[in-house]
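Coordinate inspection notes
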Amino acid sequence: MTVLVIAEHDHATLKPATLNTVTAGIACASGDVHVLVAGANAAEAGKAASQVAGVAKVIVADSPSLAENLAENVAAQVLAIAKNYSHILFPSTANGKNVAPRVAALLDVAQISDITKVDSPDTFERPIYAGNAIAIVQSNDAIKVVTVRTTGFDAAAATGGSAAIETVDGVADSGKSSFVGREVTKSERPELTAAKIIVSGGRALGSAEKFQEVMAPLADKLNAGLGASRAAVDAGYAPNDWQVGQTGKIVAPQLYIAAGISGAIQHLAGMKDSKVIVAINKDEEAPIFSVADYGLVADLFTAVPELVKAL
Ligand SMILES: Cc1cc2nc3c(=O)[nH]c(=O)nc-3n(C[C@H](O)[C@H](O)[C@H](O)COP(=O)(O)OP(=O)(O)OC[C@H]3O[C@@H](n4cnc5c(N)ncnc54)[C@H](O)[C@@H]3O)c2cc1C
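Residues numbered from 1 in each chain as written. Predicted model: local features only at pLDDT ≥ 70, side-chain atom pairs only at ≥ 80, totals over all residues. Heavy atoms only, no water.

An unreviewed UniProt entry annotates the chain as FAD-binding protein of Variovorax ginsengisoli. Its UniProt record gives the chain the following Sequence similarities (unreviewed entry) comment, quoted word for word: "Belongs to the ETF alpha-subunit/FixB family." (UniProt positions renumbered as here; feature names shortened; annotations may be inferred.)

This paragraph deals with the sheet that holds strand β12 (residues 225–228). Spatially, 5 strands are ordered β12-β11-β13-β14-β15 in an open sheet, and the strand pairing comes out parallel. Two strands bound the open sheet, and with one partner strand each, they are β12 and β15 (294–297). Each strand axis lies, on average, 15° off the axis of its neighbour in the sheet, ignoring direction. Where strand β14 (residues 276–281) meets β15, 4 bridges bridge the pair, whose relative direction is parallel. The residue of β15 that forms the bridge with Ile-280 is Leu-296. Lying on the sheet, helix α5 (residues 208–222) is in contact with β11 (197–201), β12 and β13 (255–259); it crosses β11 at an angle near 170°. On top of the sheet, helix α8 (residues 300–310) reaches β13, β14 and β15; it is set at about 135° to β14, its chief contact. (Pairing = 2+ DSSP bridges. Helix = DSSP H or I, 4+ residues; strand = E, 2+ residues; numbered from the N terminus. Axes fitted to C-alpha atoms, helices over the stretch in contact; angles between N-to-C directions. Contact = heavy atoms within 4.5 Å.)

The next subject is the domain arrangement of the chain. Parsing the chain into structural domains produces domain 1 (3–169) and domain 2 (192–310). Between the C-alpha centres of domain 1 and domain 2 the distance comes to 31 Å. Contact residues are listed per partner, giving 6 residues for domain 1 and 8 residues for domain 2. With both sides pooled, the region where domain 1 packs onto domain 2 buries about 570 Å², and carbon together with sulfur makes up 61% of that total. Three residues, Ala-130, Arg-149 and Thr-151, lead the burial of domain 1 against domain 2; their summed loss comes to 73% of the area buried on that side. Inspection of the domain 1/domain 2 interface yields 0 salt bridges. (Domains from an automatic or database assignment. Buried area = accessible area lost by both parts, 1.4 Å probe. Salt bridge = Lys/Arg side-chain N within 4 Å of Asp/Glu carboxyl O.)

Okay, the UniProt feature "domain: Electron transfer flavoprotein alpha/beta-subunit N-terminal" (unreviewed entry) in the chain next. Under the local residue numbering, the UniProt record ascribes the feature "domain: Electron transfer flavoprotein alpha/beta-subunit N-terminal" (unreviewed entry) to residues 3–183. For residues 3–183, helix accounts for 25% and strand for 30%, while the C-alpha atoms at its two ends are 34 Å apart.

Take the pattern of salt bridges next. In this structure the tally under the stated criterion is 11 salt bridges. Salt-bridge contacts for Lys-117 lead to Asp-119; the nearest nitrogen and oxygen are separated by 3.8 Å. A salt bridge links Lys-210 to Glu-213; the nearest nitrogen and oxygen atoms lie 3.2 Å apart. Here Glu-213 and Lys-210 lie together in helix α5, a separation of 3 residues that amounts to about one turn. Overlapping salt bridges bring together Lys-117, Asp-119 and Glu-125 as one network.

Any two aromatic rings considered together are summarised by their centre-to-centre distance and by the angle between their planes. For the structure on display, the rule yields 1 aromatic pair. Each ring, one from Phe-211 and one from Trp-242, has its centre 5.9 Å from the other, and the planes form 45°; the classification is tilted. Taken together, the residues Phe-211 in helix α5 and Trp-242 in the loop between α6 (230–234) and β13 connect sequence positions 31 residues apart. Across the pair, Trp-242 and Phe-211 agree in class, each one buried. (Phe/Tyr/Trp six-rings, centres within 6.5 Å; stacked < 30°, edge-to-face > 60°. Buried < 20%, exposed > 50% of the residue type's maximum accessible area, 1.4 Å probe, protein only.)

It is worth spelling out the nonpolar core at this point. Ranked by size, the top nonpolar core spans 29 residues in total, and within it Val-35, Val-37, Val-58, Leu-89 and Ile-115 carry the most contacts. Among the secondary structure elements, those contributing two or more residues to this core are β1 (3–6), α1 (16–28), β2 (33–39), α2 (43–50), β3 (57–62), β5 (111–115) and β9 (144–148). Among the elements that make up this core, the one with the highest residue count is α1 (4 residues). Look past the residues within four positions of Ile-115 in its chain and what remains in contact with it is Phe-124, Glu-125, Arg-126, Val-146, Thr-147, Val-148, Arg-149 and Phe-153. (Core = buried A, V, L, I, M, F, W, Y, C linked by side-chain atoms within 4.5 Å.)

On to the packing of α5 against α8, then. Following both chains from N to C, one finds α5 and α8 inclined at 30°, their axes separated by 9 Å at the closest point. Here α5 lies roughly parallel to α8, going by the angle between them. Between α5 and α8 the crossing geometry is left-handed. Where α5 approaches α8, its residues Lys-210, Val-214, Pro-217, Leu-218 and Lys-221 are matched on the opposing element by Leu-300, Phe-301, Val-304, Leu-307 and Val-308. In terms of residue class, the contact of α5 with α8 is built from 8 nonpolar, no polar and 2 charged. (Parallel < 35°, antiparallel > 145°, perpendicular 65-115°, else oblique. Left-handed = near helix turned anticlockwise from the far one by under 90°. Nonpolar A, V, L, I, M, F, W, Y, C, P; charged D, E, K, R; others polar.)

Put into structure tokens, the structure is as follows:
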């Protein structure tokens, strides 16, 4: 049984989510793990994939039709080789979740979504009800199309492997969609899902100005990503792509600092797998303290600046 992992990349480098997905792939495989790099001028990303420990072969599909990651074209590329595999794994990122359902539908199989554990090649675990229960899902489909919650699996080593690289022709443009433009948030800070440290603020911050004034210096000191609760995002204190939680990003950094966040289950669903959780809240009964490794009952407007000063 050979497993295919669909790489997340920017044509030159691999995105970290690919490494966690390779680890899930290794757990599914009784045979080899292959990686598909579907892109345009993506030889460098292919080379990076060939160095990932545990990967036996990298397939680089190069075509202008794959330059912008249009889901229709990437899905067609996956389908062109799908029949060679028992499992096709995507990281559970916006990109992966855009392509995987198309592949599953066109193969006429059920998608197995957001797995956090591989029990056996046909049985997987996935959180449901905002992580309050774990569903064990068994699939009899000949090809299993799976999305992988990257926080559930350690990253495979990015170096040490020496996989063969095969270059194949990329698919023609499907003509079903076209790339119009992209507006990308530019930030000096690490991207949330890849950040080793995240500093998150909640509704308690009270305004966008205070959010910046209080939280940004702490993030700067720690070279951390900035996160927020949904209440803070909905109130306009922080941009939408900073939201952590069930309907935001799922993160598991080495250190997560939550300031002025109550710890609603929907927020916990996005961060409770963080290695070390620090909570600052003036209410000692706040539910965030139930998952915190270190809790500080304090007013964040004094505690956070003091912390910045002490660092
Ligand atoms: C379907 C659904 C999906 C959702 N998805 C998400 C999601 O993805 N992410 C998410 O975060 N939420 C989500 N929510 C919302 C969630 O239920 C909570 O409403 C939200 O997380 C609360 O945000 P908060 O903790 O910032 O605000 P609050 O619950 O209002 O908590 C503010 C906290 O700040 C503390 N505080 C106040 N002043 C200070 C101070 N000066 N110093 C220190 N502490 C102070 C208070 O004691 C309180 O604990 C979702 C809800 C639903 C229904």
